[in-house]
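# A closer look at the structure
Letter by letter, the chains look like this.
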Amino acid sequence: MTGRPPVADLATWQQARDALLVREKAHTREGDAIAAERRKLPMVEFDGKVEVVGAEGPVPFVELFQGRDELVVYKHMWWDGAPHQGQCEGCTHMPWHFDNAAYLNARGVSFAMLTTGAWDEVAPFVEFMGYTQPWYSVRGVDGPAGGDMGYLTSYLRDGDRTFLTYSTTGRGCESVNGSIALLDMTVYGRGEVWEQHPEGWPESRPAGWFWRTNADGDSSWGEDSRPVPQWTRPGATPVRTLGRQGHCH
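Please read these numbers as outputs of a predicted model, since none were measured by experiment. (Residues numbered from 1 in each chain as written. Predicted model: local features only at pLDDT ≥ 70, side-chain atom pairs only at ≥ 80, totals over all residues. Heavy atoms only, no water.)

Right, let's talk about the packing of aromatic side chains for a bit. Enumeration according to the criterion identifies 13 aromatic pairs in this entry. Between the aromatic rings of Phe 98 and Phe 111, the centroid separation amounts to 4.4 Å while the plane-to-plane angle is 40°, which identifies the pairing as tilted. One end of the pair, Phe 98, is in the loop between α2 (89-96) and α3 (102-106); the other, Phe 111, is in strand β5 (residues 109-115), and 13 residues separate them in sequence. A relative accessible area of 4% means that Phe 111 is categorised as buried. Relative to Trp 221, the ring of Trp 211 has its centre 6.4 Å away and its plane inclined at 35°; by these criteria the two rings are tilted. Here the residue Trp 211 occupies a position in the loop between α5 (178-183) and β9 (212-213), and Trp 221 occupies one in the loop between β9 and β10 (226-227), the gap between them amounting to 10 residues. By relative accessible area, Trp 211 is classed as partly exposed at 25%. The rings of Trp 78, Trp 96, Phe 125, Tyr 131 and Trp 135 are connected pair by pair, giving a single aromatic cluster. (Phe/Tyr/Trp six-rings, centres within 6.5 Å; stacked < 30°, edge-to-face > 60°. Helix = DSSP H or I, 4+ residues; strand = E, 2+ residues; numbered from the N terminus. Buried < 20%, exposed > 50% of the residue type's maximum accessible area, 1.4 Å probe, protein only.)

Below, the structure written as structure tokens:
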């Protein structure tokens, strides 16, 4: 039988599982050690009075802390002028998997989404997607408050003073993506070409191949596709254009 793990009795499976658990625990401990070093990084002070735009209009960045000492944001890439289906499929991973910051708030940490999109474009997109976390436009705002998108970034507040403490991008943002973590626990994984798969496994595809589908549910990165969560939204209909012009930023 190809494309399947070998079949064994429970005792044999448990022995193999216990052997792998040793490596998993070492991986966890190394992650803890890295997190400890992360907490020791120096920080960068910046002007917390710089204005960003949200649902209530322009506000100083420091208000995103909501009176708490710490703030985590995700910086969502944006395609100017594109319809909902044309917005960044990779960045859709983050807000879709993070709906409620109650546990962060209990620990004294606020959460917000930032994007370079103009607020009059961002607001209807947020409403369509059903996002519940606060969003802000940082259009024209330099880093550390604005800057490059596609990052998870952490900040610290001391009164009216604000500091950048940590930032990560690429696979560093996967920590918030529960679907990716669950796929990594399955036999076939993500089904992406960079993964190691035994001979006979289903053919792997480029990274992120399942992030967009057409109306029939088939993987598609063409003009007929949407980021997959959008098909669950009321009013999502088949599309014929991504409406993208210029560059995502």
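Take unusual backbone geometry next. A negative phi angle is the norm for most residues apart from glycine, just as the trans form is the norm for most peptide bonds. With an omega of 5°, the peptide bond running from Gly 143 to Pro 144 counts as cis. Even without being a glycine, Gln 66 presents a positive backbone phi close to 55°. You can see Gln 66 is positioned in the loop between β3 (57-60) and β4 (70-76).

Within this structure, the stated rule accounts for 11 salt bridges. Through salt bridges with shared partners, a single network forms among Arg 171, Glu 174, Asp 184 and Arg 190. (Salt bridge = Lys/Arg side-chain N within 4 Å of Asp/Glu carboxyl O.)

Across 5 bridges, the pairing between β4 and strand β7 (residues 151-158) is antiparallel. Within the sheet, the bridge partner assigned to Leu 71 lies in β7 and is Tyr 155. Bridge count between β7 and strand β8 (residues 161-169): 8 bridges; the pairing is antiparallel. Bridging from a neighbouring strand, Leu 156 pairs with Phe 163 of β8. The antiparallel pairing of β7 with β8 creates a hairpin that spans 2 residues between the two strands, and Gly 159 there sits at a positive phi of about 65°. (Pairing = 2+ DSSP bridges.)

This part is about a negative patch on the surface. Together, Asp 216, Asp 218, Glu 223 and Asp 224 line one region of the surface with negative charge. Take Asp 218: it is sitting in the loop between β9 and β10. Classification of Asp 218 by relative accessible area gives partly exposed; the value is 43%. (Patch = residues over 30% accessible without salt bridge, like charges linked within 9 Å, V, L, I, M, F, W, Y side chains within 5 Å. Areas by Shrake-Rupley, 256 points an atom, 1.4 Å probe, with all protein chains shown as cover. Lys, Arg positive; Asp, Glu negative; His and termini not counted. Charge placed at Lys NZ, Arg CZ, Asp CG, Glu CD.)

Within the secondary structure, Asp 47 is located in the loop between β1 (44-46) and β2 (51-54). For Asp 47, a relative accessible area of 44% translates into the label partly exposed. Spatially, the C-alpha atom of Asp 47 lies 8.7 Å from that of Val 62, the residues being 15 residues apart in sequence. Here the side chain of Asp 47 touches Lys 49 through a polar contact of 2.9 Å, landing on its backbone nitrogen. (Polar contact = N/O pair within 3.5 Å; in protein donor to acceptor, adjacent residues only side chain to side chain.)

Taken together, the buried positions of helix α4 (residues 119-129) are Val 122, Phe 125, Val 126, Phe 128 and Met 129. On an axial view of α4, the arc spanned by its buried residues comes to 160°, and they lie on one face. Facing away from the buried surface of α4 by more than 90 degrees, the exposed residues are Asp 120 and Glu 127. Tucked inside the fold, the buried residues of α4 contact β4, α2, β5, β6 (135-137) and β10. Positive phi appears at Gly 130, one or two residues downstream of α4, with a value of about 75°. (Arc of directions from axis to C-beta. Contact = heavy atoms within 4.5 Å.)

Between the first and last C-alpha of helix α1 (residues 10-38) there are 40 Å, a value that for 29 residues agrees with the 42 Å anticipated at 1.5 Å per step. With a side-chain oxygen lying 3.1 Å from the backbone nitrogen of Ala 11, the N-terminal cap of α1 falls on Asp 9. (Expected span 1.5 Å × (residues − 1).)

Such coordinate-based values are descriptive only and should not be taken to indicate function.
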